[in-house]
Amino acid sequence: MSNTPTWIVGAAMTPFGRHRDRDLIDLGSDAALAALADADVTMQEIEIFAVGNAYESNGMVAQRIQKQIGQTGIEAYNVFNACATGATAIRLAHLAIQAGEVDVALVVGVEKMGKMGMLGAGAKARSDRKVYEPGGRFGAVMGTEGILGTGLMPGVFAQAGMDYARQHDVTFKQFAKVAEKNHRHSTLNPLAQYQKAYELEEIMSAEMISYPNSVLMCCPTGDGAAALVLMSDKKRQQLDKAIRDRSVKISASVLSTDPYTPTSHAMPDINTLTRRAVDQAYALAGVGPADLDLVELHDCFATAELVHYDNLRLCDEGGAGEFIDSGAPTRDGTTPVNVSGGLISKGHPIGATGVAGLYEVATHLRGEAGKRQIDGARVGLAHVIGLGSACGIHILERSAT
């Protein structure tokens, strides 16, 4: 493996929301062509193409997008890894560059979800027939969902939040402050699915989905795409200075899965694999939490963001409640988190999410984030987690040349 960096030289993102007039391939193609134009390269220069998509992942999405942006005969990969799908596609392309097999890669994350509603196994949780005979992989005599833990996302992330709250005296109001912050941040992001601020009391009194997450503390489904052009260090040196100056270095790319924990068969553990991944990423990049100018983390629910303050070492151990109270993760705070509005307000089209996180961080490091810009941003972190589980961490740095 090479010890030279991989660079982001092109980045683009469609608005997230309901695209009734654009299908999956249109959205992916729009983002891909915009990223190519941003990098000032053509499809003929791309040597590997990786596409992250969840809900049509068996439909050769990469090849279908190529029919609109250029069929050049290159190798193409269709990637699915739950909510970490986009980050996994980026890592695949990064590894190909690091291995010296290619110099230029195109990555697209794309999803067309519409109003899909709550994700998970709820419709399959219990049989309508009262037949108590052992069956399935675990020989269960009845549905175990909600009895021996849960695999439903609202339940998993509510439980993670409540476990943390019991251990560290976090309150419902502190969880709600996360959503209040992200909705407020989204008003500065023209690409966000929702761009409306809510008062704290509105968030706390909204319909309860899975305590302590009300509906305004949960991310929406939607449509959208994001794309990156990645390049080797050697190839980047051949670019015009204007492109080099806007390029962003990938200082660390890490993907982790669950180690064994005593409760992990009943409830996914969102904490351990995140801690292991971020510790590895900090070591690879040679930076620490105090060096981060902004963070885009996986706030599928408000509880998720708060516990990840601790998991990503952004606060003292057990101090996530005090961290949100201090204002540290606000846009004007010491460690801005989810300046984009996060998944709660920016939206969560699953295949696009991981790529969109890097797009957001790179846009700030380039100084091109408009009204939401974090002034002087030089180092940022993007985090995603897909239940099952997979955690992707990328640390990015602003170009010094």
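Relevant structure appears above.
Residues numbered from 1 in each chain as written. Predicted model: local features only at pLDDT ≥ 70, side-chain atom pairs only at ≥ 80, totals over all residues. Heavy atoms only, no water.

Enquirer: Explain the sheet that holds strand S2 (residues 48–52) here, please?
Expert: Either a parallel or an antiparallel arrangement is found when strands of a sheet pair, and the pairing is made through backbone hydrogen bonds. If you walk across this open sheet you meet the nine strands as S3-S2-S4-S7-S1-S8-S11-S10-S9, and the pairing is mixed. This sheet does not close on itself; its edge strands, each paired only once, are strand S3 (75–79) and strand S9 (294–296). Here the strands of the sheet are splayed against their neighbours by 25 degrees on average, with no regard to which way each runs. Judged from the five bridges that link them, S2 and S3 form a sheet pairing that is parallel. Directly across from glycine 52, in S3, lies its bridge partner valine 79. The strands touched by helix H1 (residues 24–39) are strand S1 (6–13), strand S4 (104–112) and strand S7 (223–232); relative to S7, the strand with the most contacts, the crossing angle is about 35 degrees. (Pairing = 2+ DSSP bridges. Helix = DSSP H or I, 4+ residues; strand = E, 2+ residues; numbered from the N terminus. Axes fitted to C-alpha atoms, helices over the stretch in contact; angles between N-to-C directions. Contact = heavy atoms within 4.5 Å.)

Enquirer: Whenever I open this one, empty space enclosed by the protein confuses me. Can you help?
Expert: A complete count under the given rule lists two cavities of 30 Å³ or more for this structure. When its volume is computed, the largest cavity comes out at roughly 80 Å³. Taken together, 15 residues make up the lining of the largest cavity; nearest its centre are Glu296, Thr353, Gly357, His383 and Val384. Among the secondary structure elements, those contributing two or more residues to the lining of the largest cavity are helix H12 (342–346), helix H13 (350–365), strand S10 (379–386) and strand S11 (390–398). Here the lining of the largest cavity takes four residues from H13, the largest share from any one element. Each pocket or cavity is described by its volume, and for the second largest cavity that value is around 30 Å³. Lining the second largest cavity, in full, are Cys83, Met153, Phe157, His298, Cys300, His348, Ile385, Gly386 and Leu387. The set of elements that each furnish at least two residues to the lining of the second largest cavity consists of helix H4 (153–168) and S10. For the lining of the second largest cavity, a count of residues per class yields six nonpolar, three polar and no charged. (1 Å grid on protein atoms, 1.4 Å probe; cavity = no way out; pocket = protein on both sides within 12 Å on 5 of 7 lines; lining within 4 Å. Points joined across faces, edges and corners; volume = space filled by probe spheres on them. Nonpolar A, V, L, I, M, F, W, Y, C, P; charged D, E, K, R; others polar.)

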